[in-house]
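Analysis of the macromolecular model
Here are the chains, one letter per residue:
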Amino acid sequence: MEPPMAVSTMDSESARTPQPQAALTKGGHSLLHAGALSAMLGPQGKHYVCGSIAAFTNIVVTFPIQKVLFRQQLHGVLATEAVRQLQRDGLRNLYRGLLPPLLQKSTTVAIMFGLYEDFSRVLLDLADSSGVPELVTRSFAAALAGTAEAILTPFERVQTLLQDHRHHARFNNTAHTFRTLLTEYGVRECYRGLVPILLRNGPSNVLFFGLRGPIKEQLPEATSRAGHLVNDFVCGGVLGAALGIMFYPLNVVKSRAQSQVGGAFQPCGKVLLTVWRERGGSLAMLFRGAHLNYHRSLLSWGIINATYELLLKLI
C-alpha cells in the first residue's frame, strides 16, 4: 500500500463526507425521513446502527456456509464431508447456534464501525497540533476498535460449542450454554480463545479501514446508486476475502481452543503446534477450509460493506 494514498483514504468515502440529501430523493420526497432519523441517532450514532443492521443481514444469509467452514476448521475435513455432517444432523439443527453470532456480529460490527469513527474523531482532534500523520492516527483508532470488539468473545465461544456436534447432547441452546459455563466453570471459561481473537481483530481492522478507500478508488467510477452499491460490495468483499485468508490460522486456533470445555488454557503457539502435528505438518491441511472461507468472506464482507454504505446514505 502506498503511504500517501493510505493517508488520504484511510476512511471510507461516505464516512468522510456527508451525503447530500438531494441525491436521495425521488419526486421531491425523501426516501426516508433522513433528517429526523439522523437527528435522533446523532452524527455518530448512525454508524453504530448501520453497522449493526449490515451485520444482521449478513449473518442470516451466510450462516449455513459458516457452519460448513467451522466443521472444516475444527476437524480438517473436506467441504463435502462437512456438508454430510450437517445433513446427518438434520434440518432442525442447521441454524442451531444462530443466536450467538447474530448477537455477537451485530454488536461487534456496530462497535467496529462506530468506535472507529469515534476514536478517529477524538484522536484526530488531539493530533491536530502534534503533527502526527493521519494514517497513524486512524490506524490506531482502527486497532482500538478491534480490541474493544474482543469483549464479546463469549458469543464466539458459545457459537463454537453449539456448532460442534460433539457437544449437541450437552448444550441445549444459547442461554443453557452460557448458564452451564458460568455456573460450572466461571466467567474465565467464557473467554477461552481470547488471545487469537485479539491477535486477529486489531490488525485486520487496521488493514480493512486503511485499504477499502484505495481499493474503491481503483474501481470504475459509479454514476448511480446501484453502481455505488456494486463498488462497495466489491471493495468490502475483496478486502474481507484477503483478510480471511491472511488470518485463517488464527481462526483455526480459536476454533480448536474454544471447542474445549474445562481444563487448562493452552497458549496459542501450543494449540497451533498441536493442530500442525495432527494434520501431518501439512500447510494445505492447516488451511483446510480456507477456500470456502475465501468465498464466504467475499460474500459476507461484500454484504456488510455495501449495506453499511447504503444505509449511511439513506439515514
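Here is a short report on the structure shown in this document. (Residues numbered from 1 in each chain as written. Predicted model: local features only at pLDDT ≥ 70, side-chain atom pairs only at ≥ 80, totals over all residues. Heavy atoms only, no water.)

**Considerations on the overall build of the protein chain**
As a reminder of what qualifies: Numbered from the N terminus, helices here are DSSP runs of H or I no shorter than four residues, and strands are runs of E no shorter than two. Accessible area is worked out with a 1.4 Å probe on protein chains only. A residue is then buried under 20% of its type maximum, exposed over 50%, and partly exposed in between. Under the convention used here, a 1.4 Å probe and the Shrake-Rupley method define accessible areas, while residue burial counts only the protein chains that appear.
Per the secondary structure count, the protein chain includes 16 helices and two strands. The buried share of the protein chain, taken over its 315 residues, is 50%. For the protein chain, the accessible surface area stands at approximately 14600 Å², while carbon and sulfur atoms represent 65% of it.

**Structural notes on the packing of helix 4 (residues 45-75) against helix 6 (residues 99-127)**
Rule in force here: Think of each axis as a best-fit line through the C-alpha atoms, taken over the contacting stretch in the case of a helix, with angles from 0 to 180 degrees between the N-to-C directions. Left-handed describes a crossing whose near helix is turned anticlockwise from the far helix by less than a right angle; the clockwise case is right-handed. Residue contacts are defined here by distance: any two heavy atoms, one from each residue, within 4.5 Å place the two residues in contact. Note on residue categories: nonpolar means Ala, Val, Leu, Ile, Met, Phe, Trp, Tyr, Cys or Pro, charged means Asp, Glu, Lys or Arg, and polar means any other residue, Gly included.
The contact between helix 4 and helix 6 brings their axes to 7 Å, and the two run at 145°. Crossing of helix 4 over helix 6 shows right-handed handedness. Note on element contacts: helix 6 touches helix 4 through Pro 101, Leu 102, Lys 105, Ser 106, Val 109, Ala 110, Ile 111, Phe 113, Gly 114, Leu 115, Glu 117 and Asp 118, opposite His 47, Tyr 48, Gly 51, Ser 52, Ala 55, Phe 56, Ile 59, Val 60 and Phe 63. Looking at the contact of helix 4 with helix 6 residue by residue, the class counts come to 13 nonpolar, five polar and three charged.

**Observations concerning the packing of aromatic side chains**
Going by this rule: Within 6.5 Å between ring centres, the rings of Phe, Tyr and Trp (the latter by its six-membered ring) count as paired, and their orientation is classed by plane angle as stacked under 30 degrees, edge-to-face over 60, tilted in between.
Tallied over the full model, the rule gives eight aromatic pairs. Ring geometry for Phe 113 versus Tyr 308: centroids 3.8 Å apart, planes at 15°, classification stacked. Here Phe 113 is found in helix 6, whereas its partner Tyr 308 is found in helix 16 (residues 290-314), with 195 residues between them in sequence. With respect to class, Phe 113 is no different from Tyr 308; both count as buried. An angle of 50° between the planes, with centres 5.2 Å apart, marks the rings of Phe 208 and Trp 301 as tilted. Within this pair, whereas Phe 208 is found in helix 11 (residues 194-217), its partner Trp 301 is found in helix 16, the two being separated by 93 residues in sequence. The residues Phe 208 and Trp 301 share a single accessibility class, namely buried.

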